Amino acid sequence: MKLAPLDLIADGKARNFVLQMRAGRFHGFVVRQGDNVRGYVDRCPHAGVPLTQTLDDYLTPSGALIACNWHGALFEIDGGRCVGGPCVGQFLTPWPVEVVDGHIVTAA
């Protein structure tokens, strides 16, 4: 499924996507680093809530980590492992995305 052109997300930024699925709505986000993208389900493993209170505001100010705005958990972009906050050692749920012909696509 084609989500968007890669250029929709600025390099070093993230964007929320909501997909209507047969079983309901899916909420995920994609982080862009150059020509590479990483996708995760928009749910903190600590509290089970979406990571951000502000649309598309998933990264720390430096852009080096993913941040949960609710309780301060910090996650590595590459792999989604929590490295700070209340859920250290837990992981974000990956969402398989990739870039094909300049577009972000997903199988889900």
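Described below are features of the structure shown in this document. (Residues numbered from 1 in each chain as written. Predicted model: local features only at pLDDT ≥ 70, side-chain atom pairs only at ≥ 80, totals over all residues. Heavy atoms only, no water.)

**Quick notes on the side chain of R32**
Step number 1: Locating R32 in the fold gives a position in strand β3 (residues 24-33).
Step number 2: Since its relative accessible area comes to 11%, R32 is described here as buried.
Step number 3: With residues up to four places along the chain from it excluded, the contact list for R32 reads L6, D7, I9, A10, D11, G12, K13 and V37. (Helix = DSSP H or I, 4+ residues; strand = E, 2+ residues; numbered from the N terminus. Buried < 20%, exposed > 50% of the residue type's maximum accessible area, 1.4 Å probe, protein only. Contact = heavy atoms within 4.5 Å.)

**A word on the sheet that holds β3**
Step number 1: Taken in spatial order, the three strands make up an open sheet running β2-β3-β4, and their pairing is antiparallel. The open sheet terminates on both sides in strands that have one partner only, identified here as β2 (14-21) and β4 (36-41). Adjacent strand axes in the sheet meet at a mean angle of 30°, parallel and antiparallel pairs treated alike.
Step number 2: Of the pairings in the sheet, the one linking β2 to β3 comprises eight bridges and is antiparallel in character. Residue pairing in the sheet places L19 in a bridge with F26 of β3. (Pairing = 2+ DSSP bridges. Axes fitted to C-alpha atoms, helices over the stretch in contact; angles between N-to-C directions.)

**Notes on the sheet that holds strand β6 (residues 74-76)**
Strand pairing in a sheet relies on backbone hydrogen bonds, with the paired strands running either antiparallel or parallel.
Step number 1: With antiparallel pairing, three strands are arranged side by side in an open sheet as β5-β6-β7. Of all the strands in the sheet, the pair left with one neighbour each is β5 (65-67) and β7 (82-84). Strand-to-strand twist of the sheet, defined as the mean angle between neighbouring strand axes without regard to direction, takes the value 40°.
Step number 2: Across three bridges, the pairing between β5 and β6 is antiparallel. Bridging from a neighbouring strand, I66 pairs with F75 of β6.

**A word on the packing of aromatic side chains**
A ring pair, where both rings are aromatic, is described by two values, the distance of the centres and the angle of the planes.
Step number 1: Tallied over the full model, the rule gives four aromatic pairs.
Step number 2: Among the aromatic residues, ring-to-ring pairing joins F17, F26 and W95 into one connected group. (Phe/Tyr/Trp six-rings, centres within 6.5 Å; stacked < 30°, edge-to-face > 60°.)

**Brief notes about the pattern of salt bridges**
Step number 1: Applying the stated rule across the entire model yields three salt bridges.
Step number 2: Among the salt bridges present, the one from R38 reaches D78, with a minimum N-O distance of 2.0 Å. Residue R38 is located in strand β4, and its partner D78 is located in the loop between β6 and β7; the two are separated by 40 residues in the primary sequence.
Step number 3: Accessibility expressed as a relative area gives 52% for D78, which makes it exposed. (Salt bridge = Lys/Arg side-chain N within 4 Å of Asp/Glu carboxyl O.)

**Thoughts on the state of the cysteines**
Step number 1: Inspection of every chain in the model, using the stated rule, returns zero disulfides.
Step number 2: Its sulfur unpaired, C44 is 3.9 Å from the next cysteine sulfur, which belongs to C68.
Step number 3: Residue classification places C44 among the buried residues on the basis of a relative accessible area of 1%.
Step number 4: With a relative accessible area of 3%, C68 lands in the buried category. (Disulfide = S-S within 2.5 Å.)

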